[in-house]
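Chain and residue survey
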Amino acid sequence: MEKIKIALGADHAGYVYKAKFIEYLSQNGYECVNVGTDTADSVDYPVYAEKVCALVSSGECKFGVLICGTGIGMSMAANKHHGIRAALCGDVESSRLTRLHNDANVLCLGARIISYDDALEILNTFLSTSFMGEHHVRRVKMLDDLI
Ligand code: RB5
């Protein structure tokens, strides 16, 4: 069976979580595409948001994961890309509901806000929850029509 491909990007505040996610996801049957950054040198988060969003909106990757200090900058940048529905999640229930209702395709996380263990639980919930469709299809289409 073909592996689900996930694009991961981070700035200097999020690269440590990203590295740990890549190790975890690779060991758990996912294929990871790492767009960087991979060091503590200061970089600009919109650059990495754009790289991940391009991979998701082209269909090359099913999901994207973006990590910065708060997750806010990454989510602002990601949601400016057509076809991207990025959700900043700080808890498991938001992660579950954004997949169920918004069909979110990019998960944003704040490495300076939540622990790695919480981030991993949020990621696992995001990846294991399916869009419920029904009346939410119309709303998701309205979102995609905005840009
Ligand atoms: C970088 O210092 C920080 O501004 C960035 O990681 C993020 O939190 C922006 O939203």
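Before reading on, note that the structure itself is shown above.
This is a predicted model, so every value here is computed, not measured. (Residues numbered from 1 in each chain as written. Predicted model: local features only at pLDDT ≥ 70, side-chain atom pairs only at ≥ 80, totals over all residues. Heavy atoms only, no water.)

Focus: unusual backbone geometry
A cis amide bond links Gly36 to the next residue, Thr37, at an omega of -10°. Tracing the chain through its elements places Thr37 in the loop between β2 (31–34) and α2 (45–57). Residue Asp103 is not a glycine yet carries a positive backbone phi of 50°. Within the fold, Asp103 resides in the loop between α4 (92–102) and β5 (106–110). Phi is positive for Glu134, which is not a glycine, with a value near 50°. With respect to the helices, strands and loops of the structure, Glu134 is situated in the loop between α5 (116–128) and α6 (136–144). (Helix = DSSP H or I, 4+ residues; strand = E, 2+ residues; numbered from the N terminus.)

Some thoughts on the site of the ligand
The environment of the ligand is formed by Asp11, His12, Ala13, Tyr45, Cys68, Gly69, Thr70, Gly73 and Arg112. Between the ligand and Gly69 there is a distance of 2.7 Å, counted from an oxygen atom to a backbone nitrogen or oxygen. At a separation of 3.2 Å, an oxygen atom of the ligand approaches a polar side-chain atom of Arg112. When the ligand sits alone it has 290 Å² of accessible area, and the protein chains cover 71% of it. Of the residues in the shell around the ligand, the class split is three nonpolar, four polar and two charged. (Near = heavy atom within 4 Å. Polar contact = N/O pair within 3.5 Å; in protein donor to acceptor, adjacent residues only side chain to side chain. Areas by Shrake-Rupley, 256 points an atom, 1.4 Å probe, with all protein chains shown as cover. Nonpolar A, V, L, I, M, F, W, Y, C, P; charged D, E, K, R; others polar.)

So, the sheet that holds strand β3 (residues 63–68)
A sheet is described by the order of its strands in space; here five strands give the open sequence β2-β1-β3-β5-β4, paired in parallel fashion. Both outer strands of the open sheet, β2 and β4 (86–88), are each paired with one neighbouring strand and no more. Direction aside, the axes of adjacent strands within the sheet are offset by 25° on average. Relative to β5, β4 runs parallel, the two sharing three bridges. By the bridge assignment for β5, Leu88 is matched with Cys108. (Pairing = 2+ DSSP bridges. Axes fitted to C-alpha atoms, helices over the stretch in contact; angles between N-to-C directions.)

Here we look at the pairing of β3
Judged by how many residues are buried, β3 sits mostly within the fold: six of six residues are covered. Side-chain alternation along β3 places Phe63, Val65 and Ile67 on one buried face and Gly64, Leu66 and Cys68 on a second face that is also buried. In the sheet, strand β1 (residues 5–10) pairs with β3 via five bridges, with the strands oriented parallel. Paired with Gly9 across the two strands is Leu66, which belongs to β3. Here β3 pairs with β5 via five bridges, running parallel. Residue pairing for β5: Leu66 is matched across the bridge by Cys108. (Buried < 20%, exposed > 50% of the residue type's maximum accessible area, 1.4 Å probe, protein only.)

Notes on α2
Between its first and last C-alpha atoms α2 spans 18 Å; for 13 residues at 1.5 Å apiece the expected length is 18 Å, and the two agree. Inspection of α2 places Tyr48, Ala49, Val52, Cys53, Leu55 and Val56 among the buried residues, and these make up the whole buried set. Relative to the axis of α2, the buried residues are bounded by an arc of 160° and lie together on one face. The secondary structure elements touched by the buried residues of α2 are β1, β2, β3, α3 (72–78) and β5. In the segment just after α2, Gly59 is the residue with positive phi, at about 90°. (Expected span 1.5 Å × (residues − 1). Arc of directions from axis to C-beta. Contact = heavy atoms within 4.5 Å.)

Details of the environment of Ala19
As for its position among the elements, Ala19 is in helix α1 (residues 15–27). Each C-alpha atom of the pair Ala19 and Met142 lies 35 Å from the other, and the pair is 123 residues apart in sequence.

Shape descriptors only; they carry no functional weight alone.
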